[in-house]
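# Structural description and commentary
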Amino acid sequence: MFLDPLLRRAEPLLLRVDRVAGGRHAHLRIPETDRLHPRTVRAFRWTFWLLSLELVIGLAAVVVAIVIAANAHSMAAVPFAVWMRALIVLAMTATLFYFAWRAALGWRWAYQRLRLFAQIFPVITLVMAAIPGLYPAWMVTEQIVFSLIMIGVADFLTSDHMRSAYRKPEQEQDTVTGDDTTAPA
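For the structure given in this document, a descriptive report is provided here. (Residues numbered from 1 in each chain as written. Predicted model: local features only at pLDDT ≥ 70, side-chain atom pairs only at ≥ 80, totals over all residues. Heavy atoms only, no water.)

Residues Leu96, Met150, Leu157 and Tyr166 are the most contacted members of the largest nonpolar core, which totals 31 residues. For this core, the secondary-structure elements that each account for two or more residues are helix H3 (38–72), helix H4 (80–104), helix H5 (108–129), helix H6 (137–157) and helix H7 (160–165). Considering every element that reaches this core, the biggest residue donor is H4, with seven residues. Counting residues in hydrophobic clusters, the runner-up holds eleven residues, among them Ala61, Val62, Ala65 and Val82. (Core = buried A, V, L, I, M, F, W, Y, C linked by side-chain atoms within 4.5 Å. Buried < 20%, exposed > 50% of the residue type's maximum accessible area, 1.4 Å probe, protein only. Helix = DSSP H or I, 4+ residues; strand = E, 2+ residues; numbered from the N terminus.)

Right, let's talk about the environment of Val62 for a bit. The topology assignment puts Val62 in helix H3. Sequence separation between Val62 and Arg85 is 23 residues, and the spatial gap between their C-alpha atoms is 9.3 Å.

Moving on, we come to the packing of aromatic side chains. Under the counting rule described, the total for this entry stands at eight aromatic pairs. Arranged with centres 6.1 Å apart and planes meeting at 75 degrees, the rings of Phe44 and Tyr166 form a pair that is edge-to-face. You can see Phe44 sitting in helix H3 and its partner Tyr166 sitting in the segment after H7, a full 122 residues away along the chain. Residue Phe44 shares its accessibility class with Tyr166, and that shared class is buried. Ring plane angle 85 degrees and centroid distance 5.7 Å describe the contact between Phe99 and Trp109, whose orientation is recorded as edge-to-face. Of this pair, Phe99 sits in helix H4 while Trp109 sits in helix H5, and the two are ten residues apart along the sequence. Members of the aromatic cluster, joined through ring pairs, are Phe99, Trp109, Phe117 and Phe121. Sitting over the ring of Phe146, Arg85 keeps its end group 4.9 Å from the ring centre. Across the ring face of Trp101, the terminal group of Arg102 is positioned such that the distance to the ring centre comes to 4.9 Å. (Phe/Tyr/Trp six-rings, centres within 6.5 Å; stacked < 30°, edge-to-face > 60°. Lys NZ or Arg CZ within 6 Å of the ring centre and 35° of its normal.)

Take a look at the structure:
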């Protein structure tokens, strides 16, 4: 990939970001055999494609809002909730891309965050879309499509294989004393 040299130089900074985002388990990675398994690779390929589609939909929502405001010659023609929703979706999608990228590299914390958000965001989005009068019809349609795509992401991430690949590592116990032999995080 053409960005590899840049990403390698940025890795120390990204590990600091990972420490903040991943908390005390930020250092946990899955085995390379699980990370490079064809099902894992395929799941992340689909995840990146679906997130790319989410990004396109989010950008389209911003463009539609701008066109409506420009045609009306007033930013007030587009409700504040629409602007906030459109910008939040773009920021959220960028965050999900980061989580997906780090999870594809084997970071367990990133997989957990990505899976959690892929399951929660569709519910929140559909509840918000159901509030009468909050969004215009085109935005409600965008939210429903967004939710369906995000459910697809969650479906890939919650497959038996992915949950097995990113399972919580078992703690090793000393068979003689019963003491935990893993280093504290």
